[in-house]
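Tertiary structure, described
Chain by chain, the residues run as shown.
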Amino acid sequence: MGSQGGFGQSKEFLDLIKSIGESRSKAEEDRIVLREVETLKVRLNDPNTPKYKLKEYIIRLLYVEMLGHDASFGYIHAVKMTHDENLLLKRTGYLAVTLFLNEDHDLIILIVNTIQKDLKSDNFLVVCAALNAVCRLINEETIPAVLPQVVDLLGHQKEAVRKKAVMALHRFSQKAPGSVSHLVSNFRKKLCDNDPGVMGAALCPLFDLINADVDKYKDLAVSFVNILKQVAERRLPKSYDYHQMPAPFIQIKLLKILSLLGTGDKKASEQMYTIVGDIMRKCDSTSNIGNAILYESICCVSSLHPNPKLLEAAADAIAKFLKSDSHNLKYLGIDALTRLIKINPEIAEQHQLAVIDCLEDPDDTLKRKTFDLLYKMTSSSNVEVIVDRMIEYMISINDSHYKTEIASRCVELAEQFAPNNQWFIQTMNKVFEHAADLVNAKVAHNLMKLIAEGFGEDDDTADSQLRSSAVESYLRIMGEPKLPSAFLQVICWVLGEYGIADGKYSASYIIGKLCDVAEAHPDDDTVKAYAVTGIMKIYSFEIASGNPVDLLPECQSLIEEMLASHSTDLQQRAYELQSIFTLDARAVKKIMPMDSTCDDIEIDKNLSFLDGYVQQAIENGAQPYIPESERLGISSISDFRSHDVHEPSTHALRFEAYELPKPSLPHNIPPVLASSTELVPVEPSYVIDIPHPTSAPSASDTGSSELKLRLDGVQKKWGRPTYSSPAPSSSSTDLVKVQNEAPRPDSASSSKPKTRDSSYDSRKQQTEIPPEKQRLAASLFGGSSKSEGRQPPSQKNSKTQNHTSDKSRSSKASAPDTAVKPSQPPPDLLDLGEPSIASSVPSVDPFKQFEGLFDFTQETTPASTGGVDGASKDSDFTSLFADMSLSAQSNIDPNPESNGLGGSKVEPTSPQLNKGPNLKEALEKDALVRQVGVTPSGQNPNLFKDLLG
Amino acid sequence: MIHFVLLISRQGKVRLTKWYSPYSQKERTKVIRELSGMILTRAPKLCNFVEWRGYKVVYKRYASLYFCMCIDQDDNELEVLEIIHHFVEILDRYFGSVCELDLIFNFHKLPRAQAYYILDEILIAGELQESSKKTVARLIATQDSLVEAAKEQASSISNMIAQATK
């Protein structure tokens, strides 16, 4: 124990560390380190420095670099030290190079030779040190140089070496998957290694390989199940226990692998149910590591073919997580919930209050995770609340990375689920105002397209209403300082196109506004271009309709300025605008037809109108035109003999590799889809390799021996429809609900006061008995776990809380009248599959419950303690629901605005379908929308990178 | 996979860094600054995880020292939290009291290089390679004994040189 104290360290070194430790400021520290750098430079370069001293200097150099200073002058000395015969120095040298150098550093080439030699060393510690360096430093180019030795080491007698060799190969396969593809069988063999450490290490590369191509490894499912079983039964040496759990890290890795193998594969999943269930039962949920395994099991369950028993166990575990006081567990609970709602949407209902708590939590991490959950469960019924929340949060944060992410999510959700275009435009305005430069430019174009195309139906009134409301909102917004460029472009375009369309604003007013925009952004050529084109459109419209036109002085000066612009684009636009004034109405109408953005412009690509001219020219002796590709083909046929004929060849040098002449798959098809339709190769031979084949489950081998087309995983990857779990159907939940409500003592008298009671009960309960709150939440929101047993005590509470009741009454009064009498209860925030009740049932009005719910959440802020205050805040939420129920009734009340709701290009599903009572259908729709949408699933971390280009 | 391991003192001083993914020196400095700003300011009872540039950083405080590991989005946070604890337990067993960890990393007592060697036995290429404390301890002990022998050899040589040059 620490017997190496001192370890050859000089007093000088200790003093250095001490002085840095005691330095008061960064500047002081920097000064000390810089002085140290100077000393080291001199000493390292001194040829007379003894070797054992060099070692200390190298460690001092490490220290310097760790503190953020440049130590590159000493790298070469570290490299030299790896060459040393002395193990002590060699080890220090390897440590230093692994810390100093990246795999692309020039000095790597000087080390490869040493590594090669050391990998063959008799001393296993030298081999270990070399393998550590291999993992860190070998890059794609140098892999072949060490690969044979590393493979040899897989059979080394020391398990530490075998383990590191496996990990080195794992690293190789990450860097260059092709380099080790022929070694896959070695990984399989290492699963049967005598040493559990080596077996555990082999799981890492196998996980990656399986992740890349599941079908190749289906036969291993049985082996993994067996291994996991043995681990769970404590067959591994005691030293692998961690906090009384048997080899938990290996368990977690195995669970990860199982979930890959079981995804979309019923047969494989069935082999796993027993063991996963066992593990979940055995988990010690009081320790962190037990919870880690539990969490991993839930993840596994959520990706296996659904099994009601396991899902139930997973739901219980999630409930435990969410009820926990630990933020870590809450976080994992939310995450697990996000995974599970894909299979079983109802589960979220039970945890609505907990979810809302997490959303309100001061912990940013938890909040973001909750937004992930909300994002996944957004449907057309709750999109407004969720997106509003997201935008609110987006405005409040500074972290541009997350802001980008959440902005694109808002846009994505709004595009997919927007209940109406008005809302869509308002939402987009908000997003653009705060984060326009962070979202994809395509989004701006979509917005313009939507405004231009309107609802895509015959109803022109609705279209023009939409446009004038857009114009109006933009005229209001554009006065604000510091609008993002992309947003200004949209504004300019819309004003140019529709600014005077409804006759509300005069041409000169709009033109003046556009001139202001151009003037206010002298450095932004794109905005200026949009502005001047907008001006041109308005003038053309005026001229075309025969109105007298006079050039505004500010416009005149703008044109003059642009004529002298360095940007040729701006110049051209200015010249075009100038020339518009010289034309007559007929010509202008032809050039700039009114409201024609959606018209197709026909382009004659063959230039057939020139045929006559060409014919004449050829007759007059001109050379006929030969296409460029053919010309090349003639001139340099020898060079391009091996080329595909239709491959476009150019004169320029080609830097990219020639692509393989195979038909590429369409990009939008996920890889899983493609691979799972292929034939599955059968490799039954590996079953023999299992360490303890006797304990294999009986059903194991039958699956792997038949060759068939696998189509059963295809849809399941993204969509819910094919995966519909054996959860209670909508009608049966209905029944449960009715039954549960009927025996309530006062249900006959009036449902309203009772619901009010129970709504603030939840508040009351919240503060007093947190675990109770969640059960109450379930009962409030009509989840299946409802029971009357909890009702009486909460009603007792209600009597002591008169002022709260008043408050909720006042908040109810502030809600718009339209919302009070819902023939169908409007959907709630977390509405996922709860079927709505027939109107004849004395229903609990979910509205009041929501008021109560949000009332409570408002209460946490000190400002809203007064009743009126709270009520006014409530109305924000309730009015949203009012909107919803309005649109839900649109089939009864055919006002022009809501009539067009269904036809928007962005939201292909009609509101009746989405808002109607059949939520299952709506869910399926949503799943479909997501499937069809740009980004089918949020699983992929690259999603937003993709979105943002 | 684990992209890097950072040990930062409560005052924001770096005690140990290990990078498993390539970061330039400039990026490293930036990462450390960004993360210490984020993590050191977090209140005690919050999650031990923070989202950062599309990754997750799991951290845990022991005495006045923060252990941080950066992982991928789909990794198991709680597992990584336990990997940190696993590392700390091994350090504890090797160095003695965990309370003095900060001192250890402050070089007052022992070479920090030792902590790197231990870390190298636990993590490799950004993955956990050994979950048995015993195995790690045994390996480190073997290394130490060999190193001890080498050290004696070296010092005797240096003594010889010193004597010869007298």
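Residues numbered from 1 in each chain as written. Chains lettered and ligands numbered in written order. Predicted model: local features only at pLDDT ≥ 70, side-chain atom pairs only at ≥ 80, totals over all residues. Heavy atoms only, no water.

In the annotation of an unreviewed UniProt entry, chain B is listed under the name AP complex subunit sigma and assigned to Salvia splendens. The record in UniProt for chain B states the following under Function (unreviewed entry): "Subunit of clathrin-associated adaptor protein complex 1 that plays a role in protein sorting at the trans-Golgi network and early endosomes (TGN/EE). The AP complexes mediate the recruitment of clathrin to membranes and the recognition of sorting signals within the cytosolic tails of transmembrane cargo molecules." (UniProt positions renumbered as here; feature names shortened; annotations may be inferred.)

1. Section: the side chain of arginine 28 of chain B
By the element assignment, arginine 28 of chain B lies in helix 1 (residues 25-40). The exposure class assigned to arginine 28 of chain B is buried, which follows from its relative accessible area of 6%. A distance of 3.1 Å separates a polar side-chain atom of arginine 28 of chain B from the backbone oxygen of tyrosine 23 of chain B. The contact partners of arginine 28 of chain B, leaving out residues within four places of it in the chain, are Glu65, Leu99, Asn102 and Arg136 of chain A together with Trp19 and Tyr23 of chain B. (Helix = DSSP H or I, 4+ residues; strand = E, 2+ residues; numbered from the N terminus. Buried < 20%, exposed > 50% of the residue type's maximum accessible area, 1.4 Å probe, protein only. Polar contact = N/O pair within 3.5 Å; in protein donor to acceptor, adjacent residues only side chain to side chain. Contact = heavy atoms within 4.5 Å.)

2. Some details on the interface of chain B and chain A
Counting from both sides, the interface comprises 78 residues of chain B and, opposite them, 77 residues of chain A. Across the chain B/chain A interface, buried area totals approximately 6,900 Å², and carbon plus sulfur atoms make up 57% of it. Counting across the chain B and chain A interface gives eight salt bridges. Note that glutamate 127 of chain B and lysine 253 of chain A form a salt bridge whose closest N and O atoms lie 3.5 Å from each other. The interface formed by chain B and chain A holds 24 residue pairs in polar contact (both at pLDDT 80 or more) in total. Residue assignment for the side of chain B that touches chain A shows that the elements contributing at least two residues are strand 2 (14-19), helix 1, strand 3 (49-52), helix 2 (77-95), helix 4 (112-122), strand 7 (127-128) and helix 5 (133-165) of chain B. In terms of residue count, helix 5 of chain B provides more of the side of chain B that touches chain A than any other element does, 15 residues in total. A class-by-class count of the residues in the side of chain B that touches chain A yields 29 nonpolar, 22 polar and 27 charged. (Buried area = accessible area lost by both parts, 1.4 Å probe. Salt bridge = Lys/Arg side-chain N within 4 Å of Asp/Glu carboxyl O. Nonpolar A, V, L, I, M, F, W, Y, C, P; charged D, E, K, R; others polar.)

3. Quick look at the packing of helix 26 (residues 507-520) of chain A against helix 27 (residues 525-544) of chain A
All names here are of chain A. The geometry of helix 26 relative to helix 27 is characterised by a closest axis approach of 9 Å and an angle of 165 degrees between their N-to-C directions. Taken together, the axis directions place helix 26 and helix 27 in an arrangement best described as roughly antiparallel. The hand of the helix 26/helix 27 crossing is left-handed. Residues Ala507, Ile510, Ile511, Leu514, Cys515, Val517 and Ala518 of helix 26 pack against Val527, Lys528, Ala531, Gly534, Ile535, Ile538, Tyr539 and Glu542 of helix 27. Taken together, the residues of the contact of helix 26 with helix 27 sort by class into 12 nonpolar, one polar and two charged. (Axes fitted to C-alpha atoms, helices over the stretch in contact; angles between N-to-C directions. Parallel < 35°, antiparallel > 145°, perpendicular 65-115°, else oblique. Left-handed = near helix turned anticlockwise from the far one by under 90°.)

4. A short note on the confidence of the model for chain A
All names here are of chain A. Confidence along chain A averages 70 in pLDDT terms, with 64% of residues attaining 70 or more. Across residues 1-7, confidence stays below pLDDT 50; counting only partners more than four residues off in sequence or on other chains, it has 18 contacts. In the predicted structure, residues 637-650 sits below a pLDDT of 50 and forms nine contacts with residues beyond four places in sequence or in another chain. (pLDDT = per-residue confidence, 0-100.)

5. Focus: the confidence of the model for chain B
Chain-level pLDDT for chain B is 82 on average; 86% of the residues reach the 70-or-more range. Two numbers describe this predicted complex: its pTM, 0.64, and its ipTM, 0.88.

6. Looking at the pattern of salt bridges
Any two side chains of opposite charge can pair, on the condition that their charged atoms come close. Residues and elements named next belong to chain A. A full pass over the atoms with the stated rule returns 40 salt bridges over all chains. Residue arginine 281 is joined to aspartate 278 by a salt bridge in which the shortest nitrogen-to-oxygen separation is 2.4 Å. Of this pair, arginine 281 and aspartate 278 both sit in helix 14 (residues 266-282), three residues apart, which is roughly one turn of that helix. Aspartate 278 gets classed as partly exposed once you look at its relative accessible area, which sits at 22%. Taken together, the shared-partner salt bridges connect Glu12, Glu36, Arg43, Glu56 and Arg60 into one network.

7. Describing helix 9 (residues 159-175) of chain A
The terminal C-alpha atoms of helix 9 of chain A, which comprises 17 residues, lie 24 Å apart, in line with the 24 Å expected from a rise of 1.5 Å per residue. Burial within helix 9 of chain A is extensive, with 15 of its 17 residues counted as buried. (Expected span 1.5 Å × (residues − 1).)

8. Focus: the pairing of strand 4 (residues 55-62) of chain B
Residues and elements named next belong to chain B. Where strand 3 meets strand 4, four bridges bridge the pair, whose relative direction is antiparallel. Looking at the pairing, glutamate 51 lines up with lysine 56 of strand 4. Two successive antiparallel strands, strand 3 and strand 4, enclose a turn made up of two residues, where arginine 53 displays a positive phi of approximately 50 degrees. Sheet analysis places strand 4 next to strand 5 (residues 65-71), joined by seven bridges and oriented antiparallel. Within strand 5, the position partnered with tyrosine 59 by the bridge is cysteine 68. Joining the antiparallel neighbours strand 4 and strand 5 is a turn of two residues, in which alanine 63 adopts a positive phi near 50 degrees. (Pairing = 2+ DSSP bridges.)

9. Considerations on the pairing of strand 5 of chain B
All names here are of chain B. In terms of residue burial, strand 5 counts as a mostly covered element, since seven of its seven residues are buried. Judged by which residues are buried, strand 5 turns out to be covered on both faces: Leu65, Phe67, Met69 and Ile71 on one side and Tyr66, Cys68 and Cys70 on the other are all buried. Strand direction decides the pairing type here: strand 1 (residues 2-9) and strand 5, joined by seven bridges, are antiparallel. Note that in strand 5 the partner of valine 5 across the bridge is methionine 69.

10. What about the packing of helix 2 (residues 26-45) of chain A against helix 3 (residues 51-66) of chain A?
Residue and element names in this part refer to chain A. At a minimum axis separation of 10 Å, helix 2 and helix 3 run at an interaxial angle of 150 degrees. As judged from the angle between their axes, helix 2 and helix 3 are roughly antiparallel. Here helix 2 and helix 3 pass one another in a crossing that is left-handed. Facing Val33, Glu36, Val37, Leu40, Arg43 and Leu44 of helix 2, the residues of helix 3 in contact are Leu54, Tyr57, Ile58, Arg60, Leu61 and Val64. For the contact of helix 2 with helix 3, the per-class residue count stands at nine nonpolar, no polar and three charged.

11. Some points on the state of the cysteines
Residues and elements named next belong to chain B. For the coordinates displayed, the defined rule picks out zero disulfides over all chains. You can see cysteine 70 has no disulfide; the closest cysteine sulfur is in cysteine 68, sitting 9.9 Å from it. Owing to a relative accessible area of 0%, cysteine 70 belongs among the buried residues under this scheme. (Disulfide = S-S within 2.5 Å.)

12. What about the sheet that holds strand 2 of chain B?
Think of a sheet as strands paired side by side through backbone hydrogen bonds, with each pair either parallel or antiparallel. Residue and element names in this part refer to chain B. Reading across from one edge, 2-1-5-4-3 is the order of the five strands in this open sheet, with antiparallel pairing throughout. Of all the strands in the sheet, just strand 2 and strand 3 have a single pairing partner and so form its edges. Across this sheet, the average inter-strand angle for adjacent strands is 20 degrees, counted without regard to direction. By the bridge criterion, five bridges tie strand 1 to strand 2 in an arrangement that is antiparallel. Considered in strand 2, the bridge of isoleucine 8 is made with valine 14. Contacting strand 1, strand 2, strand 3, strand 4 and strand 5, helix 1 runs over the sheet at an angle of about 135 degrees to strand 3.

13. Focus on the nonpolar core
Residues Leu101, Leu119, Phe172, Phe224 and Tyr474 of chain A together with Leu123 of chain B are the most contacted members of the largest nonpolar core, which totals 287 residues. Considering every element that reaches this core, the biggest residue donor is helix 7 (residues 124-137) of chain A, with 12 residues. The residues touching phenylalanine 172 of chain A, leaving out its near neighbours within four places in the chain, are Val134, Ile138, Ile143, Val146, Leu147, Val150, Pro177, Ser179 and Val180 of chain A. (Core = buried A, V, L, I, M, F, W, Y, C linked by side-chain atoms within 4.5 Å.)

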